[in-house]
Amino acid sequence: MIDLRSDTLTSPTDAMRAAMAGAEVGDDVYGEDPTVAALEERVAGLFGHEAALFTPTGSMANVLAVRSLVGPGQEVLCEASAHIARAELGAHGAYTGLTMRTWIHPRGQVDLESIRAIFAPDMGPFFVPTAAISVENTHNFAGGAVLPLADLLDLREFATAAGVGVHMDGARVWNAHVATGTPLAEYGAVADVMAVCLSKGLGAPVGSLLVGSADTVAEARVWRKRMGGGMRQVGILAAAGLHALDHHLERLAEDHEHARLLAEAAGVDPLTVDTNIVVVRRPDAAALVAAAREEGVLVSAVGPTAVRLVTHLGVSRDDAEKAAGVLARLVA
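Throughout what follows, the structure given in this document is the object of discussion. (Residues numbered from 1 in each chain as written. Predicted model: local features only at pLDDT ≥ 70, side-chain atom pairs only at ≥ 80, totals over all residues. Heavy atoms only, no water.)

Comments concerning empty space enclosed by the protein
One pass over the full model with this rule turns up one cavity of 30 Å³ or more. In this structure, the largest cavity spans a volume of roughly 60 Å³. Top element by residues in the lining of the largest cavity is strand E5 (residues 130-136). It accounts for three residues. The residue makeup of the lining of the largest cavity, split by class, is seven nonpolar, four polar and three charged. (1 Å grid on protein atoms, 1.4 Å probe; cavity = no way out; pocket = protein on both sides within 12 Å on 5 of 7 lines; lining within 4 Å. Points joined across faces, edges and corners; volume = space filled by probe spheres on them. Helix = DSSP H or I, 4+ residues; strand = E, 2+ residues; numbered from the N terminus. Nonpolar A, V, L, I, M, F, W, Y, C, P; charged D, E, K, R; others polar.)

What about the environment of Gly 314?
Turning to its location among the elements, Gly 314 is positioned in the loop between strand E12 (306-310) and helix H14 (317-331). The spatial distance from the C-alpha of Gly 314 to the C-alpha of Leu 249 is 14 Å, given a sequence separation of 65 residues. Excluding anything up to four places from it in sequence, Gly 314 contacts Thr 10 and Asp 319. (Contact = heavy atoms within 4.5 Å.)

Overview of helix H2 (residues 34-46)
With 13 residues, H2 should cover 18 Å at 1.5 Å per step; its first-to-last C-alpha distance of 18 Å lies within 8% of that length. On its buried face, H2 is in contact with strand E2 (51-55), strand E7 (193-197), strand E8 (208-212), helix H10 (214-226) and helix H11 (235-247). Looking at where H2 begins, the residue whose side-chain oxygen comes 3.0 Å from the main-chain nitrogen of Thr 35 is Asp 33. Positive phi shows up at Gly 48, right after H2, with a value of about 75 degrees. (Expected span 1.5 Å × (residues − 1). Polar contact = N/O pair within 3.5 Å; in protein donor to acceptor, adjacent residues only side chain to side chain.)

Some details on the packing of aromatic side chains
Aromatic ring pairs are described here by two measures, namely the spacing of the ring centres and the angle between the planes. What the rule picks out here adds up to two aromatic pairs. Each ring, one from Phe 47 and one from Trp 174, has its centre 5.4 Å from the other, and the planes form 65 degrees; the classification is edge-to-face. Of the two residues, Phe 47 sits in the loop between H2 and E2 while Trp 174 sits in helix H8 (residues 173-180), which places them 127 residues apart along the sequence. Each member of the pair Phe 47 and Trp 174 is classed as buried. Ring geometry for Phe 119 against Phe 158: centres 5.5 Å apart, planes inclined by 80 degrees, an arrangement best described as edge-to-face. Of this pair, Phe 119 sits in the loop between helix H6 (112-118) and E5 while Phe 158 sits in helix H7 (residues 149-162), and the two are 39 residues apart along the sequence. (Phe/Tyr/Trp six-rings, centres within 6.5 Å; stacked < 30°, edge-to-face > 60°. Buried < 20%, exposed > 50% of the residue type's maximum accessible area, 1.4 Å probe, protein only.)

A closer look at the side chain of Ser 6
Among the structural elements, Ser 6 can be located in the loop between strand E1 (2-3) and helix H1 (14-21). Its relative accessible area of 10% is what places Ser 6 among the buried residues. Setting aside its immediate chain neighbours within four residues, Ser 6 contacts Arg 308, Val 310 and His 312.

Given below as structure tokens:
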């Protein structure tokens, strides 16, 4: 089976497994795992921030990150199909007591006019105030769309003037970096706090990081433990992340090329595919998923009329070409 359901489905390479097996470890709850410390320091530096915190999941990293900016009874603004709004099972409200309002953009982009329209300043004990604005780069449910740096900088300027924070869900910011050539530190400069993932395109088996100031990370470390995310000799997993940064970052360009190949075969304009995700619109998404499975290709329905294809480390050029042939037949 050629599995295009998600880029979370990769298996560690032999070299990554060797790095994990040889990792120097300690108790990370005590702050004594040197491999975790090395990963946190490296990722913080890549994005130009003071510190980072290793977490078991991207959802936890996002909850901790947004919580650092938005208190109980306050709100975060985000695009309507953002991962924090649609795919984290209401964790932000359930755990931290915040509320959420959204703007709509078909490509998941920053829409500053809409943001200005729904932004709520603090008007005392009468209305819910906006405390932060969240963006997702790349945007999962918008087909891996990249948010242009110019738009992010405009948002940063607005947020600073308004006195609110900016959170970036950067689970796939590595893909945006490779697709555009934008330095990671320039993306980091836009956000007060970020969440970045190692277990998607980079191919690590587990792990994300919250990135922000030293004070933010110190507080998030307490909340991570409170939420059950304290981990012991977790350098074994951090070693996979370090290996991924060394060996799997630049190769994301191959995934982007494979995605455009699949898009063209599935009747999607490849020029609309920024990175490694393709969304195919069909009258019956479930029927296409079932038919593709019969032909040895796994894809996923992300709505009644939307099918998602995701390329990754486990999909070779030969796999992409075979899958493209199957999809071309099925959508003809």
